[in-house]
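Spelled out from the first residue to the last, the chains are:
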Amino acid sequence: MGEWNKQMMKTLKRSFGTWRLEVRKRGKVRKILMTGAQGQVGSSLLPYLNALYGRGNIYCTDVRTDRQLDTSHFEVVDILDKKRLEEIVKSFHPDTIIHLSSIVSAYGEQHPDEAIRINNGGFINVLELAKKYKLGLFSASTIATFGPTSPLVNTPNLCLQRPETIYGVTKVYMEMLGEYYHRKFGVNFRCLRYPITLSAAMPGPVTARCTVEAYYDALLKGKYVCYIKGDRPMPVIYINDIIQGTIGLIEADDDKLTTRTYNMSGFSCTMDEIRDSIKKHIPNFEMTTELDFRQKIIETWPMSIDSATARDDWSFIPYYDLQRTTDEMITLIRRELKSTGQLN
């Protein structure tokens with residue numbers, strides 16, 4: 001296990017004790033099929049699924065192969081290939097699907113037809129498999145399901161959702177369809193709306209990629225050109241809290257859940273505040289701004305998120321604030337860049 005994962009495991013130790021109690025109470029170890037395993041969240045989540053359920057009990061799929069995953073089972077599978085997904089279900093016998101495969105926000109705006117096809121079609125495939133084989137289904141949603149007509153501050157779990165990006169539209173579709181299948185067919189559908197996620201693993205072409213790029217450029221160049229305004233608050237979360245929340249919801253007692261889709265939040269901050277937190281480690285770091293189309297997307301998203309329902313139903317409480325996040329990210333990214341020879 002890498003140094004980053006060791007540090008993450010340390011901060012998640014208390015939660016692991018609770019989850020192991022749930023596993024023992026259930027009487028059997030969970031077997032999981034995870035889609036989108038090569039992504040920012042999937043690749044970070046995998047070591048903790050291995051530790052909790054056993055390395056041989058996790059089957060990972062993706063169309064990407066760029067990250068080296070610690071898994072006994074990895075296969076390149078298109079999320080639209082329902083036939084192959086069903087063959088895996090029949091041979092591997094999972095009891096839970098973790099569905100992370102998705103076309104993300106900024107890329108989706110440039111390729112809306114692809115976002116509709118993959119996000120909607122892929123979700124229907126795993127949802128139908130969950131229904132047919134009586135599997136639990138966890139799916140990742142997003143704060144991009146909210147739009148400018150939603151409350152922008154402390155956005156509640158239940159409110160008007162009129163997103164203005166195709167990514168957000170497909171995720172509202174996912175939430176509503178998953179909840180319908182739960183009511184109509186009894187599918188154990190559970191869903192979290194992830195905020196902007198900070199991690200030492202670089203995300204894909206997401207709208208707020210700048211929140212991670214700034215750390216890399218600070219260490220490599222001492223400066224960063226940001227494409228969104230520095231003073232716009234954003235709901236942000238560190239990857240450790242994503243992992244805590246994801247496994248926490250998967251393991252939560254169904255009787256305690258009052259809804260199937262939950263907000264989650266870590267903290268809110270601006271890019272200027274991220275810059276200032278980095279400057280505590282790299283005093284000469286400079287950040288300038290050259291706006292592009294992603295600024296308009298950010299302006300439609302909430303400034304802060306209310307995750308009280310997740311706290312009340314299954315005790316989700318984030319651990320990381322901005323400075324704690326920055327302290328850890330600077331340490332881990334610096335170590336990674338040195339190990340690859342990019343930094344002396």
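These figures come from a predicted structure and were not determined experimentally. (Residues numbered from 1 in each chain as written. Predicted model: local features only at pLDDT ≥ 70, side-chain atom pairs only at ≥ 80, totals over all residues. Heavy atoms only, no water.)

Draft legend 1. Representation of empty space enclosed by the protein. Per the counting criterion, the structure on display carries one cavity of 30 Å³ or more. Approximately 40 Å³ is the volume attributed to the largest cavity. H99, S101, N119, F123, T170, K171 and M174 together form the lining of the largest cavity. For the lining of the largest cavity, the secondary-structure elements that each account for two or more residues are α6 (112–133) and α7 (166–185). At three residues, the largest contribution of residues to the lining of the largest cavity is made by α7. Of the residues in the lining of the largest cavity, the class split is two nonpolar, four polar and one charged. (1 Å grid on protein atoms, 1.4 Å probe; cavity = no way out; pocket = protein on both sides within 12 Å on 5 of 7 lines; lining within 4 Å. Points joined across faces, edges and corners; volume = space filled by probe spheres on them. Helix = DSSP H or I, 4+ residues; strand = E, 2+ residues; numbered from the N terminus. Nonpolar A, V, L, I, M, F, W, Y, C, P; charged D, E, K, R; others polar.)

Draft legend 2. Spatial organisation of the sheet that holds strand β4 (residues 96–99). Taken in spatial order, the seven strands make up an open sheet running β3-β2-β1-β4-β5-β6-β10, and their pairing is parallel. The two strands at the open ends of the sheet, each matched to only one other strand, are β3 (73–76) and β10 (261–263). The mean angle between the axes of side-by-side strands here comes to 20°, regardless of whether they run parallel or antiparallel. Two elements, strand β6 (residues 189–194) and β10, share three bridges in a ladder whose sense is parallel. Considered in β10, the bridge of R193 is made with N263. (Pairing = 2+ DSSP bridges. Axes fitted to C-alpha atoms, helices over the stretch in contact; angles between N-to-C directions.)

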